[in-house]
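Spelled out from the first residue to the last, the chains are:
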Amino acid sequence: MMRQAGAVVVGAGIAGVATCYDLAVVRGVEGVIVVDPRPPLSLTSDKSSECYRNFFPNKPMVDLTNRSIDILETLKEQSDDFFNMSRRGYLFVTGDPEQLASLTRAAEASSGFGAGPVRIAGSAADVEEETGFDVYQNPEALLDRFPYLSDEALGALHVLRGGWFSAQQLGAWMLEQARGRGAEVVVDEVVDIKTLRGKVAGVLLKSGARISTPVVVNAAGPMSKPLARMVGLELPLQASLHHKVSFRDHLGAFPREAPMLLWTDPVSIDWSGTERSDLEAEGFHELLAEITTPVFGRPEGGLDSPFFEALWNYRPHVRDDPTWPAPRPDFMFPEAVLRGMAAMLPSLAGYRDQLPYSVVDGAYVMKTPENLPLIGPAGPEGFHLVTGMSGYGVMICAAAAELVGSHLTGSDLPGYADTFLLSRYEDPEYLATLDLVDTGELAKQGKKR
């Protein structure tokens with residue numbers, strides 16, 4: 001027997017779950033089915049830093065993230081903060097005057113796009129704000145506010161409209177609300193998408209089950225490309241492997257009140273002579289050289305939690321199509337990340353002789369050439385994309401889902417809608433500018449390397 005669905009959302013990551021919520025709860029679409037062979041939010045969404053910010057170098061992304069944060073803050077109130085949404089911001093720290101100037105220019109550009117005002121922190125006119133940017137131009141003002149930072153820190157940029165939350169908890173709450181409106185999660189795999197006269201007609205599942213539907217939403221994350229090929233689309237996506245490590249901080253070395261901390265300068269890890277020899281013999285040459293990608297981390301859990309997490313993509317791994325299971329990082333990853341973070345937080349040097357208990361996980365994130373997501377209709381009528389969300393899927397999930405819902409139901413579209421369509425790649429003038437686009441990645445928010 002063929003089942004009927006108002007829409008089939010393929011992928012139960014945060015993008016798919018948020019889309020399911022928007023369709024079922026906000027718009028009242030009946031019979032929304034989410035299909036995924038894995039449990040919801042178990043592939044990539046729970047393996048990110050789970051952070052959000054409205055700091056981007058172009059107006060569409062600032063508008064999209066501002067809208068997403070607006071929605072998330074509303075959901076925080078509606079759910080009684082079920083997903084533990086913080087508002088501590090991002091602190092980009094540097095010991096380089098040129099880098100500080102570059103960060104300041106980036107903040108001014110983002111401010112011009114609507115991210116909030118730029119203020120000089122510690123000045124006579126300095127006032128407490130909850131949005132915009134605080135620029136710390138000297139170490140005295142910076143260390144007075146963040147006394148745990150390294151003496152090497154010269155200044156910093158504090159992005160105030162930012163923080164983090166539990167993506168799993170948000171997704172669990174969204175699914176509960178959506179199920180209350182008739183939505184369903186089916187543990188299965190889409191192996192074919194049926195079309196009829198240029199329109200989506202249904203999907204075939206690996207189990208042999210069939211679902212008749214006029215709408216399929218591709219929220220399949222790392223599996224987005226093969227899913228799109230089922231309707232004749234080739235998506236301009238690459239898979240970038242990211243890992244994070246969570247540490248049990250039994251020494252209390254990571255300040256619990258800290259924002260997301262990012263050290264934007266190159267780091268040379270202070271290995272001993274013996275350690276350097278051993279690493280060279282093992283082939284860890286990148287750990288012996290200066291590493292230019294930023295290292296960053298934040299507290300994990302509440303004020304009483306003993307955990308913090310950190311990320312450092314010092315060994316990039318990019319491919320056109322991901323392979324599973326995703327490769328594990330090298331065994332030096334936890335120690336390298338901890339020592340890299342110690343360049344910004346000297347208190348972490350207390351773990352130099354004995355590492356704390358740690359857990360490493362990671363997954364692929366999908367990126368377009370200019371690092372802008374793919375959101376909206378593409379290919380046959382009824383086929384929609386919400387993918388290519390890079391490492392910022394958690395922070396844009398709510399507005400991305402709203403945008404899909406608006407496209408799907410014919411509602412009014414925001415001014416940024418066309419920016420995220422796949423059809424942008426059909427414009428020769430747009431294609432000619434791709435090499436000039438600032439991608440907005442954290443590694444590029446400050447000085448270009």
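Residues numbered from 1 in each chain as written. Predicted model: local features only at pLDDT ≥ 70, side-chain atom pairs only at ≥ 80, totals over all residues. Heavy atoms only, no water.

### Thoughts on the sheet that holds strand β10 (residues 184–187)
Argument step 1. Read from one edge of the open sheet, 6 strands run β10-β3-β2-β14-β22-β21, paired in mixed fashion. Lying at the two open borders of the sheet, with one neighbouring strand each, are β10 and β21 (374–377). For this sheet, the mean inter-axis angle between neighbouring strands, taken without regard to orientation, is 20°.
Argument step 2. Sheet topology note: the β21/strand β22 (residues 383–387) ladder contains 4 bridges and is antiparallel. Bridge pairing in β22 links leucine 374 to threonine 387. (Pairing = 2+ DSSP bridges. Helix = DSSP H or I, 4+ residues; strand = E, 2+ residues; numbered from the N terminus. Axes fitted to C-alpha atoms, helices over the stretch in contact; angles between N-to-C directions.)

### Focus: helix α9 (residues 393–409)
Argument step 1. The end-to-end C-alpha distance of α9, which contains 17 residues, comes to 22 Å, matching closely the 24 Å that a straight helix rising 1.5 Å per residue would cover.
Argument step 2. The principal kink in α9, of about 35°, is found at alanine 399.
Argument step 3. Taken across its 17 residues, α9 has 15 buried, putting it largely inside the fold.
Argument step 4. The first or second residue beyond α9 is glycine 410, which carries a positive phi of 75°. (Expected span 1.5 Å × (residues − 1). Bend = angle between axes of the 7 residues up to and from the residue. Buried < 20%, exposed > 50% of the residue type's maximum accessible area, 1.4 Å probe, protein only.)

### What about the confidence of the model for the chain?
Argument step 1. With 95% of its residues at a pLDDT of 70 or more, the chain shows a mean pLDDT of 93.
Argument step 2. Counting contacts from residues 443–449, a segment whose pLDDT is below 50, to residues more than four positions away or on other chains yields 25 contacts. (pLDDT = per-residue confidence, 0-100. Contact = heavy atoms within 4.5 Å.)

### A few points about unusual backbone geometry
Argument step 1. For asparagine 84, which is not a glycine, the phi torsion comes out positive at approximately 55°.
Argument step 2. Along the chain, the position of asparagine 84 falls in the loop between α2 (59–78) and β5 (90–94).

### Digging into the packing of aromatic side chains
Argument step 1. By the definition in use, this model includes 16 aromatic pairs.
Argument step 2. Here phenylalanine 55 and phenylalanine 92 contribute two aromatic rings whose centre-to-centre distance is 5.4 Å and whose plane-to-plane angle is 80°, an arrangement assigned as edge-to-face. Here phenylalanine 55 is found in the loop between β4 (51–53) and α2, whereas its partner phenylalanine 92 is found in strand β5, with 37 residues between them in sequence.
Argument step 3. Here phenylalanine 92 falls in the buried class, since its relative accessible area comes to 1%.
Argument step 4. Between the aromatic rings of phenylalanine 284 and phenylalanine 331, the centroid separation amounts to 5.3 Å while the plane-to-plane angle is 90°, which identifies the pairing as edge-to-face. Within this pair, whereas phenylalanine 284 is found in the loop between α7 (273–282) and β17 (295–300), its partner phenylalanine 331 is found in the loop between β19 (318–319) and α8 (333–342), the two being separated by 47 residues in sequence.
Argument step 5. By way of ring pairs, the aromatic residues Phe55, Tyr90, Phe92 and Phe133 are connected into one cluster.
Argument step 6. Above the ring of phenylalanine 56, the side-chain terminus of arginine 53 is found at 4.4 Å from the ring centroid. (Phe/Tyr/Trp six-rings, centres within 6.5 Å; stacked < 30°, edge-to-face > 60°. Lys NZ or Arg CZ within 6 Å of the ring centre and 35° of its normal.)

### Digging into the packing of helix α1 (residues 14–26) against helix α5 (residues 167–179)
Argument step 1. Relative to each other, α1 and α5 sit at 30°, their axes nearing to 9 Å. Classified by the interaxial angle, the pair formed by α1 and α5 is roughly parallel. In this structure, α1 crosses over α5, and the sense of that crossing is left-handed. Side by side, α1 and α5 meet where Ile14, Val17, Ala18, Cys20, Tyr21, Ala24 and Val25 of the first sit next to Ala167, Leu170, Gly171, Trp173, Met174, Leu175, Gln177 and Ala178 of the second.
Argument step 2. Partitioning the contact of α1 with α5 into residue classes produces 13 nonpolar, 2 polar and no charged. (Parallel < 35°, antiparallel > 145°, perpendicular 65-115°, else oblique. Left-handed = near helix turned anticlockwise from the far one by under 90°. Nonpolar A, V, L, I, M, F, W, Y, C, P; charged D, E, K, R; others polar.)

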